[in-house]
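Chains, contacts and geometry: an overview
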Number of protein chains: 2
Amino acid sequence: MDDMADTISEALPRDFEALRALILDRRESLPKRIAQVAAYALDNPDEIAFGTAASIATSAGVQPSTLIRFAQHLGYDGFTSLQQVFRERLRERTTSYEERLTVVRGDADEGTSNRRIVDGFLAAASKSLDVMSRNLDDETLDRAIDILHGAETIYILARRRSYPVASYIAYALGKLGVRSQLIESASGLSPEIISFASSRDAVIAISFSPYASATVEEARVLSANNVPVIAITDSAFSPLAQFAKVWFEVAEADFGGFRSLAATMALAMGLTVGVAELRRGRKGKKSASSKG
Amino acid sequence: MDDMADTISEALPRDFEALRALILDRRESLPKRIAQVAAYALDNPDEIAFGTAASIATSAGVQPSTLIRFAQHLGYDGFTSLQQVFRERLRERTTSYEERLTVVRGDADEGTSNRRIVDGFLAAASKSLDVMSRNLDDETLDRAIDILHGAETIYILARRRSYPVASYIAYALGKLGVRSQLIESASGLSPEIISFASSRDAVIAISFSPYASATVEEARVLSANNVPVIAITDSAFSPLAQFAKVWFEVAEADFGGFRSLAATMALAMGLTVGVAELRRGRKGKKSASSKG
DNA sequence: AATAAAATGAACTGTATGTTCCATTTTCGC
DNA sequence: GCGAAAATGGAACATACAGTTCATTTTATT
């Protein structure tokens, strides 16, 4: 049955993704120490890429020889060949914008000055996404979506710089069939509209320093009327953070005095689609069911 | 005068950026072969990070010993210490989103399903920025900004999904002291407002498939009245591309049917600030002067 | 043009590294 | 519970590597 060293024609992985899949696939059947190395490898791919067999073995808590055995178990002829895959991964990783902007061979003038401006905004956006990806708390997100899920109408509060996000949320919610009401600064009807909101509704309030007074005031009123407030803001000292039931701290990078909206947008879309998803599959009401 | 090996107290670079600056700084004064290595190093940092002294020397077309001399010229005590800097660079490079989404230890369940949705939007945004960074043409950008620079009033045309971008442009232009007029779908006044536009003005029209008929129609009318149109759209087949004086092709990645706006936003900000910059320093009218 | 100084090429060397080997322990089948 | 097979630890081994050295060439100085 077992055709060990014979017909290993299953082309052994040359790229990291395939290797990772292979390891996860065989995880169950690996010997204890080998599995220990496998786990370490997937958790510390950079270490494998850069370290020496001895140093890796030490920090993984095994003997160097186990590393070779691990590689051979997977079909590689030694640790070195396996290490190549981990190095390739770093090679192929796309360059970050910050780097692309500075790591140009010539002293400075790469592209026109206009290009440099756009690059600056691209870099700011990229950085913001990065920070968001690291800092976003799963539980906060779940609580926010849970609250929005139960709301009859979702009110959206934002002015000035935050307004584009609000308008996008309103548009997306509309497309997804979720009832929402955008509070615009233009219309003087804000007080009337707000007075309709009840505890069965919910509010998404978006505001960054310097906080638009209208947004803050309206959020305060709504909160006082027991309408749950989800706030997207930039610090714990934000007035919105005080009376929000759930609040997100979003740190947007800026360029030339204009802060990015990329991370806020992504979060907004996540909230929107998250709510819609939950409403669609009403059966699994609270617990977020894992779909495909 | 020259205090060579004596007082090298100028802390030698431990991070790549500083090293790069150091190399560029001394570029002129380096011996031929050393300079050859320096150029190769900045062009192929990944090779330096992973290769052996011998392999690098071969592909750089020098002797291995030259690599050591290069390192020592910069103040490092050997090739290995220099190589550490190149390796650190790869280590610190933030993981891309696509990777972060797939390279998770467990089979699938990293974070909640809501988290996965937000991650999806973050990844889409990141990808969009990446594509934009690669495809944006400097000349197109310069021409667009040049046209907008000469405009008395900038009209902004966008509906539905593109509307948030338009509202952000309007906000930013306002803050920067550039006269602009946002054409909203809500107000039935569009035709009247549009009729005021002349060839001394300009239009930014934003529309993606399926193109909002109002945007297309209004852009057509304006173009017919000799108002120059800058279009931001998604393909050469877009109706906007036909009568636009300058048009940008923006490929936004999507997640769950909702396309990102990150790249469009960055471009929009670039246009906005680019125009404002140009207007501020009116002296250097056409050629983009290098400031600071 | 002659001399000194710097730079370069190429072989050599000590060391650090991956790998192999074998004794010991653990796991599994009967 | 016994025996076989697999897995593991640890030391010995071979080699591939960075770094050194020295002869040669190139560049600068007088």
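Just above sits the structure.
Summary of the structure given here. Source: prediction; values computed, not measured.

1. Some words on the overall build of chain A
Along chain A, the regular secondary structure elements total 14 helices and 7 strands. Burial statistics for chain A: of 292 residues in total, 52% are counted as buried. Relative to all contacts within chain A whose residues are 6 or more apart in sequence, the contacts with residues 24 or more apart total 70%. Summed over all atoms, the accessible surface of chain A reaches about 13,700 Å², with 50% contributed by carbon and sulfur.

2. What about the environment of Gln242 of chain A?
All names here are of chain A. For Gln242, the position within the fold is in helix α13 (residues 239-243). Taking relative accessible area as the criterion, Gln242 reaches 62% and is therefore assigned exposed. Residues Gln242 and Ala231 lie 11 residues apart in sequence; the distance between their C-alpha atoms is 9.5 Å.

3. A look at the sheet that holds strand β2 (residues 180-183) of chain B
To summarise the sheet geometry, strands pair through backbone hydrogen bonds and adopt either a parallel or an antiparallel arrangement. Residue and element names in this part refer to chain B. Read from one edge of the open sheet, 5 strands run β2-β1-β3-β4-β5, paired in parallel fashion. Edge positions in the sheet fall to β2 and β5 (246-249), since each has one partner strand and no second. Adjacent strand axes in the sheet meet at a mean angle of 15°, parallel and antiparallel pairs treated alike. Of the pairings in the sheet, the one linking strand β3 (residues 202-206) to strand β4 (residues 229-233) comprises 4 bridges and is parallel in character. The partner of Ile206 across the bridge, within β4, is Ile232. Running at roughly 135° to β5, helix α9 (residues 138-150) makes contact with β1 (154-158), β3, β4 and β5 of the sheet. Sheet strands touched by helix α12 (residues 213-224): β1, β2, β3 and β4. Its angle to β1, the strand with the most contacts, is close to 150°.

4. With respect to the protein's contact with DNA strand D
Near DNA strand D, the surroundings consist of 18 residues, among which Arg33, Gln63 and Arg69 of chain A together with Ala53 and Phe79 of chain B are the closest. Within 4 Å of the protein, the contacting atoms of DNA strand D are drawn from sugar and phosphate to the extent of 65%. Ser65 of chain A places a side-chain nitrogen or oxygen 3.2 Å from a base oxygen of DNA strand D. Arg69 of chain A places a side-chain nitrogen or oxygen 2.7 Å from a base oxygen of DNA strand D. At the level of secondary structure, the elements contributing two or more residues to the surface near DNA strand D comprise α2 (32-43) and α5 (64-74) of chain A together with α4 (53-60), α5 (64-74) and α6 (79-92) of chain B. Here the surface near DNA strand D gets 4 residues from one element, more than from any other, and that element is α5 of chain B. Across the surface near DNA strand D, the residue classes tally to 6 nonpolar, 8 polar and 4 charged.

5. Examining the pattern of salt bridges
All names here are of chain A. What the rule picks out here adds up to 17 salt bridges over all chains. Put simply, Asp119 and Arg115 hold a salt bridge, and the shortest N to O gap is 3.1 Å. Here the residue Asp119 and the residue Arg115 both occupy positions in helix α8 (residues 113-135), the gap between them amounting to 4 residues, near one helical turn. Both residues of the pair, Asp119 and Arg115, belong to the buried class. For Glu218, the salt bridge is made with Arg159, and the minimal N-O distance between the two is 2.6 Å.

6. Describing the protein's contact with DNA strand C
In the vicinity of DNA strand C there are 18 residues, among which Ala53 and Phe79 of chain A together with Arg33, Gln63 and Arg69 of chain B approach most closely. The sugar-phosphate portion of DNA strand C accounts for 65% of its atoms within 4 Å of the protein, the bases making up the rest. At 2.7 Å, a backbone N or O of Ala53 of chain A approaches a phosphate oxygen of DNA strand C. With respect to DNA strand C, the side chain of Ser65 of chain B contributes an N or O atom lying 3.2 Å from a base nitrogen. For the surface near DNA strand C, the secondary structure elements donating two or more residues are α4 (53-60), α5 and α6 (79-92) of chain A together with α2 (32-43) and α5 of chain B.

7. Digging into the pairing of β5 of chain B
Residue and element names in this part refer to chain B. Covered by surrounding structure in β5 are Val246 and Phe248 only, the residues Trp247 and Glu249 on the alternate face being uncovered. Sheet topology note: the β4/β5 ladder contains 4 bridges and is parallel. Paired with Ile232 across the two strands is Phe248, which belongs to β5.

8. Thoughts on the environment of Ser209 of chain B
Within the element layout of this structure, Ser209 of chain B appears in the loop between β3 and α12. Considering only alpha carbons, one finds Ser209 of chain B and Phe237 of chain B, 28 residues apart in sequence, at a separation of 9.9 Å.

9. Some thoughts on the packing of aromatic side chains
The description of an aromatic ring pair uses the distance of the two centres, along with the angle that the planes make with each other. Taken as a whole, this structure holds 8 aromatic pairs over all chains when the rule is applied. Measuring from centroid to centroid gives 5.3 Å for Phe16 of chain A and Phe86 of chain A, while their planes differ by 75°, and the two rings are edge-to-face. With Phe16 of chain A in helix α1 (residues 16-26) and Phe86 of chain A in helix α6, the pair connects residues that are 70 residues apart, well separated along the chain. For the pair Phe16 of chain A and Phe86 of chain A, one class covers both residues: buried. Relative to Tyr163 of chain B, the ring of Tyr163 of chain A lies with its centre 6.4 Å away and its plane at 90°, an arrangement referred to as edge-to-face. Linking Tyr163 of chain A in helix α10 (residues 163-175) with Tyr163 of chain B in helix α10 (residues 163-175), this pair reaches from one chain into another. By relative accessible area, Tyr163 of chain A is classed as buried at 13%.

Rules used throughout
- Residues numbered from 1 in each chain as written.
- Chains lettered and ligands numbered in written order.
- Predicted model: local features only at pLDDT ≥ 70, side-chain atom pairs only at ≥ 80, totals over all residues.
- Heavy atoms only, no water.
- Helix = DSSP H or I, 4+ residues; strand = E, 2+ residues; numbered from the N terminus.
- Buried < 20%, exposed > 50% of the residue type's maximum accessible area, 1.4 Å probe, protein only.
- Contact = heavy atoms within 4.5 Å.
- Areas by Shrake-Rupley, 256 points an atom, 1.4 Å probe, with all protein chains shown as cover.
- Pairing = 2+ DSSP bridges.
- Axes fitted to C-alpha atoms, helices over the stretch in contact; angles between N-to-C directions.
- Near = heavy atom within 4 Å.
- Polar contact = N/O pair within 3.5 Å; in protein donor to acceptor, adjacent residues only side chain to side chain.
- Nonpolar A, V, L, I, M, F, W, Y, C, P; charged D, E, K, R; others polar.
- Salt bridge = Lys/Arg side-chain N within 4 Å of Asp/Glu carboxyl O.
- Phe/Tyr/Trp six-rings, centres within 6.5 Å; stacked < 30°, edge-to-face > 60°.

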